[in-house]
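Architecture and fold: a report
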Amino acid sequence: MSVNTNRYESAAARYFEAWNATEPEALKKAVAAAWTADGGYTDPLADVRGHEGVAAVIAAVHEQFPGFVFRPLGAVDGHHDTARFGWELVNEADGSAPVAGFDVVTLDAEGRIRQVLGFLDRVPATA
């Protein structure tokens, strides 16, 4: 259990804000607020660094899953400079969640993301 839960919850909230931004300018601002300039994102389908790379991955997911939003699953947990949390990708029209996983993030001293290691627990066969 975390002794500094607010730091981890704030980082996760900024992370979800970035993943749910669909307008290019809002996405750019949200990624800059959540990640360090050289921050990275790695999951089984992507491995990028920097704000432009992260924003491109997020935009690609929204192209593949229009009308979906990312929602947290469970509590955010953390220690030292590391946090973890579960998430699901939810269809706003019918509530289905065909994609789910969890992420482990490393934070800098200001609570911005230096690195994300993402794991996919549920992925549709067509993805």
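Residues numbered from 1 in each chain as written. Predicted model: local features only at pLDDT ≥ 70, side-chain atom pairs only at ≥ 80, totals over all residues. Heavy atoms only, no water.

An unreviewed UniProt entry annotates the protein chain as Polyketide cyclase originating from Streptomyces incarnatus.

**Some points on the sheet that holds strand 4 (residues 82–91)**
Filter applied, for reference: Note: two strands are recorded as paired if DSSP finds a minimum of 2 bridges between them. Helical segments are the DSSP runs of H or I of at least four residues, strand segments are the runs of E of at least two, and each set is numbered from the N terminus. Helix axes are fitted only over the stretch in contact, all axes being lines through C-alpha atoms; the angle between N-to-C directions runs from 0 to 180 degrees. Here a residue-residue contact requires only that any non-hydrogen atoms of the pair lie within 4.5 Å.
Read across the open sheet, the six strands follow the order 2-1-6-5-4-3; overall the sheet is mixed. Every other strand in the sheet has two partners, leaving strand 2 (46–49) and strand 3 (68–79) as the edge strands with one partner each. This sheet shows a mean twist of 20 degrees between the axes of neighbouring strands, independent of strand direction. As paired strands, strand 1 (residues 35–43) and strand 6 (residues 113–122) are joined by four bridges and run parallel to one another. Bridge pairing in strand 6 places G40 opposite Q115. Across the face of the sheet, helix 2 (residues 24–34) comes into contact with strand 1 and strand 6 while running at roughly 95 degrees to strand 1.

**Regarding the UniProt feature "domain: SnoaL-like" (unreviewed entry) in the protein chain**
Basically, it comes down to this: UniProt positions are given in the numbering used here, feature names are shortened, and annotations may be inferred rather than shown by experiment.
The sites that UniProt annotates as "domain: SnoaL-like" (unreviewed entry) are residues 13–115. In residues 13–115, the share of helix is 32% and the share of strand is 46%. The end C-alpha atoms are 16 Å apart.

**Considering the environment of T106**
Tracing the backbone shows T106 in strand 5 (residues 99–107). For the pair T106 and D81, spaced 25 residues apart in sequence, the C-alpha separation works out to 5.6 Å. Excluding residues within four positions of it along the chain, T106 makes contact with D81, T82, R112, I113, R114 and Q115.

**Remarks on helix 2**
This is how it is decided: Each residue gets one of three labels from its accessible area relative to the maximum for its type: buried under 20%, exposed over 50%, partly exposed in between, using a 1.4 Å probe on protein chains only. In this description, one arc is meant: the one made by directions from the helix axis to the C-beta atoms.
Within helix 2, the full set of buried residues consists of L27, A30, V31 and A34. Across the axial projection of helix 2, the buried residues extend over an arc of 100 degrees, all falling on one side. Among the exposed residues of helix 2, those pointing more than 90 degrees away from its buried face are K28 and K29. The inward-facing, buried residues of helix 2 contact helix 1 (5–19), strand 1, helix 3 (50–64) and strand 6.

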